[in-house]
Amino acid sequence: MESGGKGWLHGSLLFYIVCALALFSSRVTGQIRYSIPEEMSVGSFVGNIALDLGLEPKRLISGKARVFTSDSSEYIGLDKENGHLIVKNKIDREELCGEISACSVSFDVIFDNPMELYRVTVDIQDINDNSPVFPKSKIEQEISELAVLGARFPLESAIDPDVGVNTLQKYTLQPTDHFKLNVQNSEDGSKNVEMVLHSPLDREKKKHHNLILTAFDGGKPQRSATVQINIIVLDVNDNAPVFSQSSYKTSVVENAPKSTIVTKVSATDADESSHGIQYYFEHATSAVKALFSIDADSGEVKVIGDIDYEKHKQFKIKVKAKDHGGLTDSCEIIIDVIDVNDNTPKITIMSFSSAVSEDAAPGTVIAMINVQDLDSGDNSKITCSIDLNSPFKIVSSLTNYYNLVTESELDREQTAEYNITITAVDGGNPPLSSKEILNLKISDVNDHAPQFEQESYKAFIAENNPQSTTILTVKAEDMDWGPNAKVSYFLIDGDLNGAPLASYISINSETGVIYAEKSFDYEQLKSFKMQVKAQDGGSPPLSNNVTLNIIIQDQNDNAPQVLYPVQTGASVVAEIVPRAADVGYLVTKVVAVDVDSGQNAWLSYKLQKATDRALFEVGLQNGEIRTVRQVTDKDAVKQKLTVVVEDNGQPSRSAVVSINVAVADSFPEVLSEFTDFTHEKQYNDNLTFYLVLALAVVSLLFIVSVISIISVKIYRWRQNKLFYKSGANLPVIPYYPPVYADGTLQHVYNYEMCGTTDSRMSDMKFVRPYSQNTLVSQSRLGTVQREKKEQEVDDLTLEVRPGLMF
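First, a word on what this report is: a plain description of the structure on this page. (Residues numbered from 1 in each chain as written. Predicted model: local features only at pLDDT ≥ 70, side-chain atom pairs only at ≥ 80, totals over all residues. Heavy atoms only, no water.)

Overview of the overall build of the chain
Logical step 1: Looking only at helices and strands, the chain features eight helices and 54 strands.
Logical step 2: A buried classification covers 42% of the 806 residues belonging to the chain.
Logical step 3: Taking all contacts inside the chain whose residues are at least 6 apart in sequence as the whole, residues at least 24 apart take part in 68%.
Logical step 4: If you sum the accessible surface of the chain, you get close to 42500 Å²; carbon and sulfur atoms cover 51% of it. (Helix = DSSP H or I, 4+ residues; strand = E, 2+ residues; numbered from the N terminus. Buried < 20%, exposed > 50% of the residue type's maximum accessible area, 1.4 Å probe, protein only. Contact = heavy atoms within 4.5 Å. Areas by Shrake-Rupley, 256 points an atom, 1.4 Å probe, with all protein chains shown as cover.)

Here we look at the sheet that holds strand S12 (residues 191-197)
Hydrogen bonds between backbone atoms are what pair the strands of a sheet, whose relative direction is either parallel or antiparallel.
Logical step 1: Pairing in this open sheet of three strands is antiparallel, and the strands run S9-S12-S11 from one edge to the other. Among the strands making up the open sheet, the edge pair consists of strand S9 (152-154) and strand S11 (179-185). Each adjacent strand pair in this sheet contributes to an overall mean axis angle of 30 degrees, direction not counted.
Logical step 2: In this structure, S9 lies alongside S12, joined through three bridges in antiparallel fashion. Bridge pairing in S12 links Phe 153 to Met 195. (Pairing = 2+ DSSP bridges. Axes fitted to C-alpha atoms, helices over the stretch in contact; angles between N-to-C directions.)

With respect to the nonpolar core
Logical step 1: Membership of the largest hydrophobic core comes to 29 residues, with the highest contact counts inside it found for Val 474, Phe 528, Val 532, Leu 548 and Ile 550.
Logical step 2: What Val 532 contacts, discounting residues up to four positions off in sequence, is Phe 452, Val 474, Tyr 489, Phe 490, Leu 491, Ile 507, Ile 514, Asn 544, Asn 545, Val 546 and Leu 548. (Core = buried A, V, L, I, M, F, W, Y, C linked by side-chain atoms within 4.5 Å.)

Re the pairing of strand S21 (residues 300-303)
Looking along a regular strand, one sees the side chains alternate between the two faces of the sheet.
Logical step 1: Burial along S21 is one-sided: the residues Val 301 and Val 303 are buried and none of Glu 300 and Lys 302 is.
Logical step 2: Sheet topology note: the strand S17 (residues 261-264)/S21 ladder contains three bridges and is antiparallel. Across the sheet, Ile 261 pairs through a bridge with Lys 302, a residue of S21.
Logical step 3: Looking at chain direction, strand S20 (residues 292-294) and S21 are connected through three bridges and run antiparallel. For Phe 292, the partnering residue across the bridge sits in S21 and is Val 303.
Logical step 4: Counted between consecutive antiparallel strands, the loop separating S20 from S21 contains five residues, among which Gly 299 sits at a positive phi close to 85 degrees.

Quick notes on the environment of Ile 369
Logical step 1: Locating Ile 369 in the fold gives a position in strand S26 (residues 365-372).
Logical step 2: A relative accessible area of 0% places Ile 369 in the buried class.
Logical step 3: Separated by 35 residues in the primary sequence, Ile 369 and Leu 404 have C-alpha atoms spaced 7.6 Å apart.
Logical step 4: In this structure Ile 369 touches Ile 347, Thr 348, Ile 349, Met 350, Ile 394, Asn 400, Tyr 401, Tyr 402, Leu 404 and Ile 422, once residues within four positions along its chain are discounted.

So, a nonpolar patch on the surface
Logical step 1: On the surface, Ile 703, Val 704 and Ile 707 cluster together into a nonpolar patch covering about 280 Å² of accessible area.
Logical step 2: Within the fold, Ile 703 resides in helix H7 (residues 703-721). (Patch = residues over 30% accessible without salt bridge, like charges linked within 9 Å, V, L, I, M, F, W, Y side chains within 5 Å. Salt bridge = Lys/Arg side-chain N within 4 Å of Asp/Glu carboxyl O.)

Remarks on the state of the cysteines
Logical step 1: Here the structure, examined in full by the defined rule, presents one disulfide.
Logical step 2: Note on cysteine connectivity: Cys 97 is disulfide-linked to Cys 103, with sulfurs 1.9 Å apart. For the disulfide bridge between Cys 97 and Cys 103, the dihedral angle about the S-S bond is near 65 degrees, and by the sign convention the bridge is right-handed.
Logical step 3: Note on Cys 103: relative accessible area 4%, which makes it buried. (Disulfide = S-S within 2.5 Å.)

What about the packing of aromatic side chains?
Logical step 1: Tallied over the entire structure, the rule returns nine aromatic pairs.
Logical step 2: A ring pair is formed by Phe 243 and Tyr 279, whose centres lie 6.0 Å apart and whose planes are at 50 degrees; its orientation type is tilted. Here Tyr 279 lies in strand S19 (residues 278-282) and Phe 243 lies in strand S15 (residues 242-243), a separation of 36 residues in the sequence.
Logical step 3: Assessed through its relative accessible area of 6%, Tyr 279 is described here as buried.
Logical step 4: Both rings, one in Phe 392 and one in Tyr 418, keep their centres 5.1 Å apart while their planes meet at 85 degrees; by these two values the pair is edge-to-face. Placement of the pair is Phe 392 in strand S28 (residues 392-396) and Tyr 418 in strand S30 (residues 417-426), with a sequence separation of 26 residues. (Phe/Tyr/Trp six-rings, centres within 6.5 Å; stacked < 30°, edge-to-face > 60°.)

Notes on the pattern of salt bridges
Logical step 1: Taken as a whole, this structure holds 19 salt bridges when the rule is applied.
Logical step 2: One salt bridge connects Lys 136 with Glu 156, and the closest N-O pair in it is separated by 3.6 Å. Linking Lys 136 in the loop between strand S7 (116-125) and strand S8 (138-144) with Glu 156 in the loop between S9 and strand S10 (168-174), this pair joins segments that are 20 residues apart in sequence.
Logical step 3: For Glu 156, a relative accessible area of 16% gives the class buried.
Logical step 4: For Arg 412, the salt bridge goes to Glu 413, with nearest N and O atoms at 3.4 Å. Of the two residues, Arg 412 and Glu 413, neither departs from the other in class, the shared state being buried.
Logical step 5: When salt bridges that share partners are traced, they join Arg 93, Glu 94 and Asp 126 into one network.

Keep in mind that these numbers describe shape and distance, not what the molecule does.
Listed below in structure tokens is the structure:
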């Protein structure tokens, strides 16, 4: 059978290959046609569609090639391995197409990636596989002996479902003593056979005549069928019934109710004594018998079944009228079925991509659709449409075929899913419609970068924070979906105070929480800026940056530092107040600073202890120590003050400074009061030296420290030698710091002196300062008072200025 299929294809193969190459060279949909005989065995070769379409065999596999038929009947299959079309189910042309001579099977071959559609038509050629068949195996015919020569007697025709030359071609009748055959060809190609009387009958001679009617088709080999005709010769009945019309033409609406009268036939008989005429269907098919009936007495033809235009568009029925004497006549009823719009359009989704990328170009095919309406005329004209205001449109590709394509750009972030309603409406009145809903998901493309909730972030963190303290959380949103929307956070590399930024700050890549990796010190770092990058998980990834301003908040972690008076362990600082000092006399000023900021650096000064609280006071804000009353002779020469410097932090921190004040007018008086204290200090210094030396001996690890201490002692010894060569301690003029920009020290003192070494109680000659204004102050009142006192003691051998060190 395979070779037979190739034989039928061979004749038109060249034409179809040329057409296929012309159609598919541009990679568009088209048609291709094959021809095969019926009754080919399953698996028989039909054609090589891959070769005929100019496709690579692997395209059938990668494109998921498949066969689609609108009526779900698959006679032809596709072997994707080699690109062959094969017979999937045995094809019987007579069952498939009936009496229609041109019989074909149409189907579509669909490809995906990209979507393509090819219409394939396979013509089914008839073979002589059916013999003629008579409706009855035996025919009995009653004929009057008075039948005139030339009388015609219709016979039931044989039926051959084949077509063309394979169908019924001729009849023979044996014997032909009294009858001969008359075969007439009708317009539809069928043959009507009649017996014609050419020799008189004589019942008295012979009552029965047995004839053999044989029907032959034109196939090779030729097939035939026979039927036995038994002629019964009747006596007396000279006239046969005659129909009023040889052909009746009428119509009936499909789905007509049962018992609807379609038409009525009528025949008359010239014999007076003839009995009633009976009407019968002659050679009625099974379909006619199932749908129509004829009243034997009245000749009314009625509907008894459900008439469907889509199955039968026209009926041709032969009716025979027979009188009591056995004479007959026949006529034909032609019934046209009128179509009614009773079939809704049928929508078949041939191929559908349930998801499409949001960057799909306009014109991308989403689905291939086939729409069928079994009605005819305007009732079968279909209009296919989709919802308005959607980025899709439906376009016609072939007859009854449509493509659903994108019309504009898609954006998943605006609409992630579409329910597309496809509506098919026919042209009937009233119109019928059907709908099909396609759920289309828009797959995400990484086309949105993460966006931070704020354009910039500002965060505060207190200094001295514990490690891993949370500073703040940054948050970025990505409008994409899935991995494209997963945001990760990173620090942008940078340096801070010469160290990598990562040594100060870390960030959780998933949550965006920013941590401090070390403790901050406001005094070293007050604020800094950094950048955080938010990056999504797309490919390629998209990112966005944001600036963070981290501000370190000051804590009161530093106590005030006293810059003046300088506290030393080797000598005693003493401020001299003359006994003639007036109220408000400036003794000295405590100068202190606090490296904190803000209110933590606001300093206040308080007098904690004093030998005589009634004599001195300290300025709360400026630290100036002044007399509050007139100095008298009863006041002790040696006064010791303890001043507390306190900041304004919470809790507050403080520093304590001790100040020695000498109330005296002469230098010897001052020396006598502070001598014992000097010896005590010297003893303490020697004790410290021995302790340090002992520690150096115990541990070799401190040898460098010992050398440093020895060097310092040697340096001090050389300095002291200049002043204590005779064993006496001479006053040392203290060093006062320069004027500070913040105004905490507002006075500058300049001294110059020389002395003798003859005796520790000898007088010293004080050389006049370079300037008469030995005390420079921002306060003009203090300067004037100091200059006045210099004039009064200008003739003294030794002039003492405030601030001596012993």
